[in-house]
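Commentary on secondary and tertiary structure
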Amino acid sequence: MKKLILLVIILFCRNTKACSWYDPDLEYFNLFTQNLIPNKAYEPFLLTYSNAFYGAGNSQLLDENIQEWQTFFKNELTYDETNALVTKIDIKHLNNLKAGKLTHDLFKKLGVGFYTKNKEAIDYLIEAKYLQPYMRISYVEDADSFYPAEPTDPKNATKLNYLKTNVALKSLYNAAKIPEIKLRYAYQIVRFNHYTRHFDEAVKAFKTYVEPYKKDTPIYWYALDQKAGAERGLLLMNEANWDFFQVFIHSKNKKQSAFTSMKISNDNDFQSLLQRAETTEEKNMAYFLLAYSNYSDPVPLMGKMLDNNADSDILKILASRSINELERSYLPIRIDCDDDKCKMKDKRLPIYFETYGIGMEDKSKNFIAELSAFIKKARAKSDDAFWQMTDAYLKFLNRDYSESQEILSNIKTNDVQYLAEIKKMKMLNDIVSQPKIDATFENKMMQNYADFFNIPKMKNTETYMDEPDTESFIRDILANRYFLQGEDAKSFLMNNQLSDLQYNPNSKLVKEVEDFYKKPNKNDFEKYIAKNLDNVGNTEAFFNVIYGDFAMRQADFEKAKNYYEKSKNFSGIPRIVYDWSEDTRTEAPIKFKKDEYDGFHNISSLVFGHNVWESFGSPEKVSMKAANTKDFPFIKNKMNKLELSQIAVQLNSIANENSEKGAKANQLIGNLLYNTSVLGYYRETFTMDINNENGQKFQFWTPDNSFHFYYKNFTDSSFIEPDNFDLIINFYKKALSLNKNKEEQARILFQMASAEQGKYYQFENSNEPINYDDPEWSKKEESLQAKLNKIKNAQFRTYFATLKKDYAETKTVKDLRSSCLYFKYYMTK
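Residues numbered from 1 in each chain as written. Predicted model: local features only at pLDDT ≥ 70, side-chain atom pairs only at ≥ 80, totals over all residues. Heavy atoms only, no water.

On to the environment of Gln-132, then. Secondary-structure assignment places Gln-132 in the loop between helix H6 (119-131) and helix H7 (162-175). The spatial distance from the C-alpha of Gln-132 to the C-alpha of Asn-156 is 9.4 Å, given a sequence separation of 24 residues. (Helix = DSSP H or I, 4+ residues; strand = E, 2+ residues; numbered from the N terminus.)

In this model helix H14 (residues 280-292) runs 18 Å from its N-terminal to its C-terminal C-alpha over 13 residues, within 8% of the 18 Å that 1.5 Å per residue would give. Counting buried residues along H14, 10 of its 13 residues qualify, which places the element largely inside the surrounding structure. Every buried residue of H14 is accounted for by Glu-282, Asn-284, Met-285, Ala-286, Tyr-287, Phe-288, Leu-289, Leu-290, Ala-291 and Tyr-292. Looking at the packing, one finds that the buried side of H14 touches helix H11 (237-250), helix H12 (255-261), helix H13 (267-276), helix H15 (298-308) and helix H16 (313-330). (Expected span 1.5 Å × (residues − 1). Buried < 20%, exposed > 50% of the residue type's maximum accessible area, 1.4 Å probe, protein only. Contact = heavy atoms within 4.5 Å.)

Here the protein chain shows a mean pLDDT of 88. Residues at 70 or above account for 90%. Note that residues 1-20 has pLDDT below 50 and, in this model, 30 contacts with residues that lie over four places away or in other chains. With pLDDT under 50 throughout, residues 353-365 is counted as low confidence; its partners more than four residues away or in other chains account for 33 contacts. (pLDDT = per-residue confidence, 0-100.)

What follows concerns the packing of aromatic side chains. Applying the stated criterion across every chain, the model contains 55 aromatic pairs. Between Phe-206 and Tyr-220, the aromatic rings sit 5.7 Å apart at their centres with planes inclined by 50°, giving tilted as the arrangement. Of this pair, Phe-206 sits in helix H9 (residues 199-210) while Tyr-220 sits in helix H10 (residues 218-233); the two residues are 14 residues apart in sequence, bridging distant segments of the chain. Take Phe-206 and Tyr-220: they sit in the same class, and that class is buried. Taking the centre distance of 6.4 Å and the plane angle of 70° together, the rings of Phe-492 and Tyr-711 count as edge-to-face. Here Phe-492 is found in helix H24 (residues 488-495), whereas its partner Tyr-711 is found in the loop between helix H31 (660-675) and helix H32 (725-738), with 219 residues between them in sequence. For the pair formed by Phe-492 and Tyr-711, the shared burial category is buried. Chaining the aromatic ring pairs together yields one cluster made of Phe-29, Phe-32, Tyr-393, Phe-396, Tyr-401 and Phe-473. Lying across the ring of Tyr-28, Arg-328 places its NZ or CZ 4.0 Å from the centre. A cation sits over an aromatic face here: Lys-742 above Tyr-807, 5.2 Å from the ring centre. (Phe/Tyr/Trp six-rings, centres within 6.5 Å; stacked < 30°, edge-to-face > 60°. Lys NZ or Arg CZ within 6 Å of the ring centre and 35° of its normal.)

With that out of the way, let us pick up the side chain of Ser-499. Structurally, Ser-499 is set in the loop between H24 and helix H25 (507-518). What makes Ser-499 buried here is its relative accessible area of 7%. Apart from residues lying up to four places away in sequence, Ser-499 is in contact with Asn-535, Val-536, Phe-542 and Pro-574.

If you want it as structure tokens, here you go:
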């Protein structure tokens, strides 16, 4: 966690999360484009919860100082050339230019005459480049320092000879004839004194050298910024705050640093600024700082700012922030069913919170109504299209789509960004308000919004997930509408890819998705949806493997074989491997080794054996013991699913015989089904998984696998339809009835007892758990466990009881007592 300091930077700690990987700006759709604001200099102050400032240093705002230099050179240089001259080209090339030698490409282009025309400016840049490496204040450690002293002292202003440097700068100042250059030398004098901790001299230098040339230029405000730093060094906090405040108002590129430099920790500090404010712009800036600090509800302060200037750029910042805050609450990217939302009759998204407050104790205050009233007043006082845009968006949040559409249609603007936002919002109103998404409307979407749906999705490799956006929101809306219309396949594919079915292979949903895949004559929008069917390799094989697995779990081996015969081109379960090396997220399909189980190939014959002990993490040859299959030479050491189903068909045929071989066939089938059940070592085999590692698929508790609004977050909850342990027991029963060997009978009975334990787990987890918040939880939980234990011993210990009664002296039982502690406990109680 970052060390938090109570400055105006309290922004840093507002709503921060404890997890470093968590990014709150990825938790909403960002439909309303915050940076519609006309003055991009204020962009860092838009709302973000992921960084101290919006944009995280990625501002596209041009450097005002470079622009000033470009103007000084009468636009003879481009912006990039000017930037190179001022900040990148080494000082040696400027000295060479001064000596008449052209050693840099830019100067070769400009010629030696460039120095002649701009002698004072080039001489100044040579001096500035000489000073720049030293222009930092030295670090001074004290008893309260949070960080230790730097191990090596880098260059700083104190490394220069103070007297000589100060005299030289003043001499250059006096010699300069051009006011702009003179002011720049004045800035260097103030900065040098500030960074050498001659704070009083820095303040005096500002008054002596800078103030006579006061002009609304970047370098003047940069010099005032240095003076303010010196004043803070002198502990003149009110003066420093006021000067930083002026820099914040007037400078474009220094707003962020000036803001963080102001030591404002309480309401009195804001009031001090407000009392000194003379112009309406200064008053509005003070109100902005107060509202931005989140000390109070911003709307009343916004009202005061509106009275001062309805077209204030900084007022639009607060409006944008307020709308963004509302959107985060009104349009969540996921809907949790831990509350009453999933019991609502109206499940049409968006689902809204009815009331919302920002920075207020009274959370019941209807903030959207208050903000709407403010926007109405703003529209009455200003013709700026910004206020119409915000009004239209608030109407959208309030589900008043027709009025929102009307406002948008009446906006008169030539601003390219506004026109794009209007187009987007009209589309949102149109789609969200549509009562039913039928073929006619699907065609309309592709005709009117095709360019939107065909924009390539950009991957965000720096975060744990891609950024939600307008397309994500529309996909949610359409997924919800299809879900409510009973078109589950379309609903699923709006938020998921076909490969996601592996995590939650619901037989009904799989069939609906396959039917959509096979649907002939899809319209253009359905073809757009169907793009999400293309990530599993051979699509037909993918479906048939799922169906084959369903059939194997139900012991319908002939049916499974038919499906697997159509799965020969299955290329493996489509898993993605994520890599976070060097803080960049990369993803690639998993590559299975030649002898590795991939969801279809390389199944061991140990699947017909039995476990020596229950250890899913141990190698198969440690956990499993092979069955005696000498009577069944068609069983291979390694099989694919087609071969396994063919073997199961043959075994099932033999199992119908009333013979020892028939007994063994029944036992092998029982082992196969048990070993691939949730309790078995090979539980991944028929569950569209790649290993037996523990996960939601392999739990007996039943998650809330119902979907209420759409199939979004489908992969968050894995679920497999419950195993049929009675089916397994029936194969073992027949094996037991035909087997005359008591040792083998004991082994079969233990397998039956294990399957019966699976039945108990299913029963146990069908009971409603006691609410942990119940004040009598311990007492009720103890009572429930006593009840369950009684039922378990009465109804689910049939085969343990038989083993204890009739087989206690067999070698098989004695061996099992040493390898199964619970069985040992049961046998001795």
